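Residue-level structural notes
Each chain, letter by letter, is given below.
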Amino acid sequence: MRTYYDIQLGDRTITKRELAGEDLVKVGRNHIARTLLELGAATVDPLSPANPLIFSAGPFAGSSFSNANRTSVGCKSPLTGGVKEANGGGTFGYGMGQLKIAGFTLHGASADWVVLHFKKDGTLDFDDARPYLGKGNFEANRMLLAQYGKKVATALCGPVGEYQGLIAGIAFTDKDLRPSRLAARGGVGAVLGNKKVKAIVLDLDKIPPFADPKKTNASIKDYSKMLLADGIVTNFYQPLGTMGMADVQNQMGGLPVRNFSAGQLADVKAGETYKMGGQFIAPLNTGRGGEQTHACMPGCVIQCSNVYVDASGKEIVSPVEYETLGLLGSNCGLTDPDDLAGLNEIANDMGVDTIETGATLGVLMEAGLGRFGDAKFMAACLREMMQGTPQGKIWAQGTARVGEHYKVRRVPVIKKQAISAYDPRVVEATGISMMATAQGADHTAGNLPRLKTREMDLNALLEQSLVAQVNCAATDSLGLCIFGRSVTEPNTEWLANALNGALGTSLTKEFFPALGRETLKLEHEFNRRAGFTEKDDELPAFFYNEPLAPTNHVARFHGQDVHGMYERLPA
């Protein structure tokens, strides 16, 4: 049994309800879409107090069940105008589980800036947030730890979120208390800023009770063993982390380079050195004394995170992820990982989505405001956004709006959200997922980054994408990290039994695809009510008109081809 909180920020009234059984299974994306529909949020102004902001954690949160402590945050996106679920690692979901909190919804807006403090005794304090306003995330978090102690987990609205910049995410502390794990996409940080909530602090307590503790402990151990026996985990995620995907995409020609004008940064086959991927960065980082195998959340054995250090062994940033390498890196013409790491650290201090931010900077370079590869120009732009100068506030509204402001032709967005680091002209199945999903251009909705697609027709690609979307939606609706999918998806009967032991339910393996299908339908219905049509699934024209070097591929599919794909889902 866990508690759900409905918090009215205006008058500070709190309503609690107890959840148990299958109500604790349908969390994350499923819970967010269902709740937003029930509250009628599809037609509200996303930057108004009427937009609910939902935090949700999974059934194993608070335990050492590997990669099961993700935190989902959801609302009507001020960036896309559609449904949004953004999730992040770190300790916040772990803290929710330890306090036996299933989730909470923030309604309305506070009259004054507040820190919400969830305490061990089940009470919630509304503390004065004025001392933390205008601070970068690292300084604000240091002050919070000094005030509340180090046995806490925090969620932060950064300085860009304070003025409702649409590139703003919500930063969670990692297990080493860095505020560097973000629920990043869709402008969720702007919604937190609109509600005048600067930070949320959770006291850490103890592992929560489960229906059958013995079975649950056995499941936790078995899952770790399965992950550590999986080749994708041990040969890819642990030694390279997500940055290993940069090498894959550079080789395939699907890497975003200089505002999606090329698909390859270095021709490795011709002897050029590619410095922006895991194969170069991993030995460089470990040779300097950095950590290449690092867990962002307690108990995770995948450990795909990292701590990147400079030549003297001093930490620059944690972590460097593939999407950041792609959008803030090669998409902006950077070729040196040290430059990227320094900019990544500034972005973390700002509390912003590095995908949206990198795509925005690429558009600024396309507009002629700076040169591709100019790290000093990029740092100056980030500082303006952090400070909230008049120009910085324009840039902080994201790629689509910046492109419109400067009348740029090549603007890489779908549903006004920046396309992540998989060019849809080459990585076609992921491109279809990004086109179709109600979440905006989000690869995590259904990523198939290695699939060879050029010999496949539309029908085959739609089926591949749809299977991936169903599985990802189910994973995101259980509070699990999608990097465990290589183990969970082939073992759904085992997963059902693990949930039954934890919750006292009687699930069968069929629950998993049913959960994913239901989630996709709920999200699609939200966007339909918000006014989305097949035109919103279309790629920007340049993807169809400009062949991408070195493959010379153009996009083959249109919004009308993908818009009806959810009709293929069984009732």
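The structure this text deals with has already been given above.
Residues numbered from 1 in each chain as written. Predicted model: local features only at pLDDT ≥ 70, side-chain atom pairs only at ≥ 80, totals over all residues. Heavy atoms only, no water.

A separate point is the pattern of salt bridges. This model, assessed by the stated rule, comprises 29 salt bridges. Arg409 is paired through a salt bridge with Glu546; the nearest N and O atoms lie 2.6 Å apart. With a gap of 137 residues between them, Arg409 in the loop between α15 (399–405) and β16 (413–414) and Glu546 in the loop between α21 (541–545) and α22 (559–562) connect regions that are remote in the sequence. Note on Arg409: relative accessible area 59%, which makes it exposed. For the salt bridge of Arg485 with Glu489, the shortest nitrogen-to-oxygen distance reads 2.3 Å. Arg485 gets classed as buried once you look at its relative accessible area, which sits at 16%. What makes Glu489 partly exposed here is its relative accessible area of 23%. Within the structure, one salt-bridge network assembled from shared partners comprises Asp174, Lys175, Asp176, Arg178 and Glu315. (Salt bridge = Lys/Arg side-chain N within 4 Å of Asp/Glu carboxyl O. Helix = DSSP H or I, 4+ residues; strand = E, 2+ residues; numbered from the N terminus. Buried < 20%, exposed > 50% of the residue type's maximum accessible area, 1.4 Å probe, protein only.)

Now for the sheet that holds strand β11 (residues 181–183). Remark on secondary structure: sheet strands pair via backbone hydrogen bonds, oriented parallel or antiparallel. The strand order across the open sheet formed by six strands is β8-β7-β12-β9-β10-β11, and the pairing between neighbours is mixed. Sheet topology places β8 (124–128) and β11 at the edges, where each strand pairs with a single neighbour. Averaged over all neighbouring strand pairs, the angle between strand axes comes to 20 degrees, with direction disregarded. Across five bridges, the pairing between strand β7 (residues 114–118) and strand β12 (residues 197–203) is parallel. (Pairing = 2+ DSSP bridges. Axes fitted to C-alpha atoms, helices over the stretch in contact; angles between N-to-C directions.)

This brings us to the packing of aromatic side chains. Following the criterion strictly, the structure yields 15 aromatic pairs and no others. Seen from their ring centres, Phe55 and Phe92 are 6.0 Å apart, and the 50 degrees between their planes marks the pair as tilted. Here Phe55 is found in strand β3 (residues 53–57), whereas its partner Phe92 is found in helix α2 (residues 92–98), with 37 residues between them in sequence. Like Phe92, Phe55 is buried. Ring geometry for Tyr223 against Trp494: centres 5.7 Å apart, planes inclined by 25 degrees, an arrangement best described as stacked. Here Tyr223 is found in helix α6 (residues 213–228), whereas its partner Trp494 is found in helix α19 (residues 492–503), with 271 residues between them in sequence. Note on Tyr223: relative accessible area 0%, which makes it buried. Three or more aromatic residues link up through ring pairs in this structure, and these residues are Tyr5, Phe55, Phe92, Phe104, Phe118 and Phe172. Sitting over the ring of Tyr163, Lys393 keeps its end group 5.4 Å from the ring centre. Arg410 extends its terminal NZ or CZ atom over the ring of Phe542, reaching a point 5.6 Å from the ring centre. (Phe/Tyr/Trp six-rings, centres within 6.5 Å; stacked < 30°, edge-to-face > 60°. Lys NZ or Arg CZ within 6 Å of the ring centre and 35° of its normal.)

With 136 residues, the main nonpolar core has Leu343, Leu361, Met378, Met385, Leu478 and Phe511 as its most contacted residues. With near-sequence residues (within four places) excluded, Leu478 lies in contact with Val25, Val27, Gly58, Pro59, Leu495, Leu499, Phe511, Phe512 and Leu515. Formed by 35 residues, the second largest nonpolar core is a distinct cluster that contains Ala61, Cys75, Phe92 and Met96. (Core = buried A, V, L, I, M, F, W, Y, C linked by side-chain atoms within 4.5 Å. Contact = heavy atoms within 4.5 Å.)

Taken together, the six strands give an open sheet; going across it, the order is β2-β1-β6-β3-β4-β5, and neighbouring strands pair in mixed fashion. What marks the edges here is a single partner per strand, and that holds for β2 (13–19) and β5 (83–88). In this sheet, adjacent strand axes meet at a mean angle of 15 degrees when their direction is disregarded. In this fold helix α1 (residues 28–38) packs onto β1 (2–8), β3, β4 (71–76) and β5, with an angle of close to 25 degrees to the strand it touches most, β4.

The next thing to look at is helix α16 (residues 428–436). One full turn of an α-helix is made of 3.6 residues, so residues set three or four places apart face in the same direction. Buried residues dominate α16, accounting for nine of its nine residues. What α16 keeps buried is the set Glu428, Ala429, Thr430, Gly431, Ile432, Ser433, Met434, Met435 and Ala436. If you follow the buried residues of α16, they end up packed against β16, α17 (458–476), α21 and α22.

Moving on, we get to the pairing of β5. The buried fraction of β5 amounts to six of the six residues, a majority that puts the element mostly inside the structure. Here β5 shows a buried face lined by Val83, Glu85 and Asn87 and a second buried face lined by Lys84, Ala86 and Gly88. Between the end of β4 and the start of β5, which pair antiparallel, lie six residues, with Gly81 showing a positive phi angle near 80 degrees.

We now examine the pairing of β8. In the sheet, β7 pairs with β8 via five bridges, with the strands oriented antiparallel. Bridge assignment links Leu116 to a residue of β8, and that residue is Phe126. The loop that links β7 with its antiparallel partner β8 comprises five residues; one of these, Gly122, has a positive phi angle of about 90 degrees.

Turning our attention to unusual backbone geometry. Put simply, Ser318 and Pro319 share a cis peptide bond, and its omega is -5 degrees. Here Pro319 lies in the loop between β15 (315–317) and α10 (322–329). Backbone torsion omega between Ala549 and Pro550 reads 5 degrees, so that peptide bond is classified as cis. On the secondary structure map, Pro550 appears in the loop between α21 and α22. In this model, Lys100 sits at a positive phi of 60 degrees, which is unusual for a non-glycine residue. Inspection of the secondary structure puts Lys100 in the loop between α2 and β6 (101–107). The exposure class assigned to Lys100 is partly exposed, which follows from its relative accessible area of 33%. The phi dihedral of Phe260 falls on the positive side, at around 60 degrees, and the residue is not glycine.

Take the packing of α6 against α19 next. At their nearest, the axes of α6 and α19 sit 8 Å apart, and the two run at 150 degrees to each other. By the criterion of interaxial angle, the relationship of α6 to α19 is roughly antiparallel. Seen along the crossing, α6 lies across α19 with a hand that is left-handed. Touching Lys215, Thr216, Ser219, Asp222, Tyr223 and Met226 of α6 are Trp494, Ala498, Gly501 and Ala502, all from α19. Of the residues assigned to the contact of α6 with α19, the class counts are five nonpolar, three polar and two charged. (Parallel < 35°, antiparallel > 145°, perpendicular 65-115°, else oblique. Left-handed = near helix turned anticlockwise from the far one by under 90°. Nonpolar A, V, L, I, M, F, W, Y, C, P; charged D, E, K, R; others polar.)

Everything listed is a geometric property; what it means functionally is a separate question.
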